[in-house]
Amino acid sequence: MEKRNSNSKDDRQVPRYFVAKQNTILMRISGECDNNLNTLRLGMLVEAVQDLGDSVLKVRVIDTTGSEVWCGTEWRCHKFDLIAVSPEVWKFLPAVSVPQERIRLAIHKRLCEELMSLAVNDTVWYCANPQGCSKYLAIIKYIGPVPQLGQGYYYGLDLLEGEESSKTSLLSKEYFLSNHSEGRFASLSNIFPLKPGGPTGLAKTDKNLFIKNDTGNNYTNDKKKSILDSTPLVLLERFINFDDNKNNNRDQRSLSKEYLQSVKTITHENDSNVTKTTATHEHKWSSDIESNLYSDIEGTLGHMSPLDCSNTPEKNENKKNGRTENSDLIVGSNVKVLLDSDVHYGVIRWIGTPPGITPGKLMAAVELDDSHPSGTDGTYKDVRYFHCRPYRAVFTDLDQCSRCDTMAKIDDPTPSISTDNFGNMESSVIVGMVRPISVKGNLESICGKYRGIQGHHNSCYLDATLFSMFTFTSVFDNLLFRPPNEKDCPQYEEVQRVLREEIVNPLRKNMFVRADRVMKLRTLLEKLSSVSGLTSEEKDPEEFLTSLVAQILNAEPFLKLSSGQDAYHYQLFVEKDDHLNLPTVQQLLEQSFLTSNIRLKEVPSCLIIQMPRFGKSFKMYQKIQPTLLLDVTDIIEDSPRQCTVCGKLAEFECKECYGQCGAGLESTAFCLQCLETVHQHERRTNHEPKKLVVPMEFAILQEHCPVPRLYLELSAVVCIETSHYVCFVKCGSGSEASWCFFDSMADRKGEQNGYNIPEMVPCPDFPYWLSEEGGNYLTELTDDRHLPEHAKRLLCDAYMCMYQSPDVMMYK
């Protein structure tokens, strides 16, 4: 753990020391360990050895438990699973035994900077339990390693107050002399910088305030007011966490009396001078305290986090005259919370800024009176903030909470529609294998309201994607049935089961999936993947695919590129052609592959293409026409191609001829004879054609076999308008299959306490809008407002097109 030269090349490339912020699977690179895979657990210490690129590090794991698995072994780890810490802080972390405390320290850089500036003889706050209420003043007597206690650096402390006994008092005598109490050792998580205002303060105060001076006099009288100034926040921190069995709404008078009594007892019992001073100030303070104390607690203490020691009041934004806009809400307040347009009642158990949230943005942890599908047992992103029953804790913006008297819950005349059943629609768990829906006859018989996946809490990105992937096609069914292997996460089978038995099977059998079933999947994804906000925030389909398909289900990539890369979807990167009024997906795909100079190594069973648009608003083209039958012949590496002139087997490719002897990538392929003829033209004499690789078996039979064309058929189009995703889905295979439009939030029952109603609608005109005739009509149309509703959403709002190969699907 020695400190490296700060000017070394490796340190400039990548931070060296880290803490694991979540459980993740590591792959062994080298070492004598027999395990090729092992689980790096939350809070473990990691030392980077080398930056391997693409956000991957070669690391060593510093295991304080002494496990031989990690000893002398190097592992492959992603940066997004780690939190960087400074070399100075790193020395102290092995002594911190609680994983969540290591993460807290790693995240709060400012707090750590203050802690690292502490020196021997400085006065600090000592907390035996960082999540508890008891805090004592102490003087640092020693900073350094204590091998008898284990790895890492410790603080040797001399307590100025408190009667707490120490198990390390005997050992402490070997390292320092304690004058006021039994000596003890503490880890970094038990120490807080001193500041008038409480233990969460970050500025240092005069350490002589609390210790005897060199002449032997007791605590100096001129500092006594500072003692009183610093007392309230400390002693009243007990009110941050309310006991479930106690009344959370204590009146101001009883609270003030407790405060005054606490002021009397903070000073040293043997210091009569301080006792007198306290009594002198008591009368002066009592009148002010009676009127101001409760508001002080609301405005200051109510926003402190028992786990977030950097979340000091002065860091919070939106202040008005020293108080926050939400100063009427404190821990213990009865509130009503707006969740997915539904009102729920509960009690605030914590207020603060969790790790990973924008600094200054306050969130509230609310224990609800009833359960909620997105609720937890008091944890948020694997960090516990309080304890409650499962599905009762929700973490939301403080702005989403408003004060509510207990009687208001009883007297509220608003009819309540239970969110536990989302409209009393049945959504059972169906085990086994259910085949995709096969539409025979009238499509309208399976369409209508309460069809598809019910939307809830910004879930439309996921609803539309899942509906497109599984309702009418089996191209993605391998995700549902692949057996687990050693590379999969421990929760792999649970995620797969929820997807298969609670979403896909009910969708295919009953044509309806209730929102709480989907929320179960979203909660798992939130916990297990690197994509945050999947249970509440607006996301894009590719983020969902990354989370579910790539990271958790660990599926084989759908696309294998000639560059050696793999991918699950293909983003179109093209330069805008101002001459194209209505580009097709076929044109844009070929242009993108030409520009990128890549090919697909094989025909994929599915091809997900993301349109050339960035974010939810910017679109490169106002309208794009999806291609019903996508010709991929010329983007498959080493696949037989036709000569663009004569149609025979092509032997050469000239990319510089793109668009000169035909359209698209097909115009770049030539047989030898046509190549020579075409390049006799003076404009093409400087071209540099390249020879194509022709499969030998086809070269032998070329005189007897026409060059085949390879096609993928369009199966779904996911669209976005503003921030809402919907989809068009092909209800079967073949050119005669019908199309439907699906919206998971097409209608709503009730207002604040209501729920969304999904709907499927037949789209008989869908093929026309994608035909040549429809394209000609669209090209002449100058005002998109004249388009029918579904045509406008299809052509103007296309976000992602899904293609499939029925032939390749048979072998996957």
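Residues numbered from 1 in each chain as written. Predicted model: local features only at pLDDT ≥ 70, side-chain atom pairs only at ≥ 80, totals over all residues. Heavy atoms only, no water.

Chemist: Explain the overall build of the chain here, please?
Modeler: From N to C terminus, the chain includes 21 helices and 39 strands. Taking all 812 residues of the chain together, 53% fall into the buried category. Counting contacts in the chain only where the partners sit at least 6 residues apart, residues at least 24 apart contribute 65% of the total. As presented, the chain carries roughly 37800 Å² of accessible surface, and 47% of it is formed by carbon and sulfur atoms. (Helix = DSSP H or I, 4+ residues; strand = E, 2+ residues; numbered from the N terminus. Buried < 20%, exposed > 50% of the residue type's maximum accessible area, 1.4 Å probe, protein only. Contact = heavy atoms within 4.5 Å. Areas by Shrake-Rupley, 256 points an atom, 1.4 Å probe, with all protein chains shown as cover.)

Chemist: Is there a simple way to think about the pairing of strand β39 (residues 798-804) in this case?
Modeler: Looking along a regular strand, one sees side chains alternate from face to face of the sheet. Most of β39 sits inside the fold, with seven of its seven residues counted as buried. When strand β28 (residues 606-610) meets β39, the two strands line up antiparallel, connected through five bridges. Within β39, the position partnered with L607 by the bridge is Y803. When strand β35 (residues 711-721) meets β39, the two strands line up antiparallel, connected through six bridges. For E713, the partnering residue across the bridge sits in β39 and is Q804. (Pairing = 2+ DSSP bridges.)

Chemist: Sorry, what's going on with helix α14 (residues 541-552) here?
Modeler: Residues spaced three or four apart along an α-helix face the same direction, because each turn holds 3.6 residues. With 12 residues, α14 extends 15 Å from end C-alpha to end C-alpha; this agrees with the ideal 16 Å at 1.5 Å per step. P541, E542, F544, L545, S547, L548, V549 and I552 are the residues of α14 that are buried. Two residues or fewer past α14, N554 is found with a positive phi of approximately 50°. (Expected span 1.5 Å × (residues − 1).)

Chemist: So what exactly am I meant to see when it comes to the sheet that holds strand β3 (residues 37-40) here?
Modeler: Two strands in a sheet stick together by hydrogen bonds in their backbones, pointing the same way (parallel) or opposite ways (antiparallel). The antiparallel open sheet is built from seven strands, whose spatial order is β3-β2-β6-β5-β4-β1-β7. In the strand order of this sheet, the two ends are held by β3 and β7 (82-85), each with one partner. Taken pair by pair, the neighbouring strands of this sheet meet at an average axis angle of 45°, ignoring direction. Where strand β5 (residues 56-62) lies against strand β6 (residues 74-78), four bridges are found, and the strand directions are antiparallel. Looking across to β6, one finds that V59 is bridged to W75. (Axes fitted to C-alpha atoms, helices over the stretch in contact; angles between N-to-C directions.)

Chemist: Which parts of the structure should I look at to understand the side chain of D463?
Modeler: Within the secondary structure layout, D463 lies in helix α10 (residues 460-470). For the buried D463, no salt bridge is present, and the opposite-charge side chain at shortest range is R522, 6.4 Å distant. A polar side-chain atom of D463 sits 2.9 Å from a polar atom in the side chain of S744. Once you skip the residues sitting within four places of it in the chain, D463 turns out to touch I453, Q454, G455, H456, V518, F742 and S744. (Lys, Arg positive; Asp, Glu negative; His and termini not counted. Salt bridge = Lys/Arg side-chain N within 4 Å of Asp/Glu carboxyl O. Polar contact = N/O pair within 3.5 Å; in protein donor to acceptor, adjacent residues only side chain to side chain.)

Chemist: Explain the nonpolar core to me, please; I cannot follow it from the model alone.
Modeler: Side chains that are nonpolar tend, in soluble globular proteins, to be buried together. By size, the foremost hydrophobic cluster in this structure holds 104 residues, and its most contacted members are F467 and F476. It is α10 that contributes the most residues to this core, eight residues altogether. Sequence-distant contacts of F476, defined by excluding residues within four places in its chain, comprise M469, F470, F558, C606, I608 and M802. Of all hydrophobic cores here, the second largest spans 29 residues; its members include L93, L118, Y155 and I191. (Core = buried A, V, L, I, M, F, W, Y, C linked by side-chain atoms within 4.5 Å.)

Chemist: Explain the sheet that holds strand β32 (residues 652-653) here, please?
Modeler: One open sheet holds the three strands; their spatial order is β33-β32-β34, and the pairing between them is antiparallel. With one partner strand each, in any of the chains shown, β33 (669-670) and β34 (690-691) form the two edges of the open sheet. Pairing between β32 and β34: two bridges, direction antiparallel. Its bridge partner being in β34, F652 is matched across the sheet by K691.

Chemist: Looking at this structure, how should I read the confidence of the model for the chain?
Modeler: In low-pLDDT segments, the atomic positions of the prediction should not be examined closely. On average, residues of the chain carry a pLDDT of 76, and 76% of them reach 70 or more. Confidence drops under pLDDT 50 across residues 1-13; counting only partners more than four residues distant or on other chains, this segment forms 17 contacts. Segment residues 197-326 is flagged for pLDDT under 50; beyond a separation of four residues in sequence, or across chains, it makes 219 contacts in the model. (pLDDT = per-residue confidence, 0-100.)

Chemist: Before we go on, may I ask you to explain the pattern of salt bridges in this structure?
Modeler: Oppositely charged side chains can form a pair if their charged atoms are brought close together. Applying the stated criterion across every chain, the model contains 28 salt bridges. In this structure, the salt-bridge partner of E637 is K601, at a minimum N-O distance of 3.3 Å. Placement of the pair is E637 in the loop between β31 (629-631) and β32 and K601 in the loop between α15 (585-596) and β28, with a sequence separation of 36 residues. When the shortest N-O distance is used, the salt bridge between D634 and R641 registers 2.8 Å. Residue R641 is classed as buried on the basis of its relative accessible area, which comes to 4%.

Chemist: Explain the packing of aromatic side chains here, please?
Modeler: Each pair of aromatic rings is reported with the distance of its centres and the angle of its planes. Going through the model one piece at a time under the given rule, you end up with 23 aromatic pairs. Ring centres of F176 and F185 lie 5.8 Å apart, and the angle between their planes is 85°; this geometry places the pair in the edge-to-face category. As far as burial versus exposure is concerned, F176 and F185 are alike and both buried. When the centroid spacing of 5.4 Å and the interplanar angle of 85° are considered together, the rings of Y725 and Y799 count as edge-to-face. Pair noted here: Y725 is in strand β36 (residues 724-730) and Y799 is in strand β39, with a separation of 74 residues, a long-range link. Within the aromatic cluster, the residues linked to one another by ring pairs are Y142, Y175, F176 and F185. It is K576 that lies over the ring of Y621; its NZ or CZ is 5.8 Å from the centre. (Phe/Tyr/Trp six-rings, centres within 6.5 Å; stacked < 30°, edge-to-face > 60°. Lys NZ or Arg CZ within 6 Å of the ring centre and 35° of its normal.)

Chemist: Mind showing me how you'd approach unusual backbone geometry here?
Modeler: Phi is mostly negative for residues that are not glycine, and the peptide bonds are mostly trans. Positive phi, normally seen in glycine, also occurs at N121, with a value near 80°. For N121, the location among the structural elements is in the loop between α4 (109-116) and β8 (123-126). If you check the backbone angles, H457 has positive phi at about 55° while not being a glycine. Assignment of secondary structure puts H457 in the loop between β23 (452-453) and α10.

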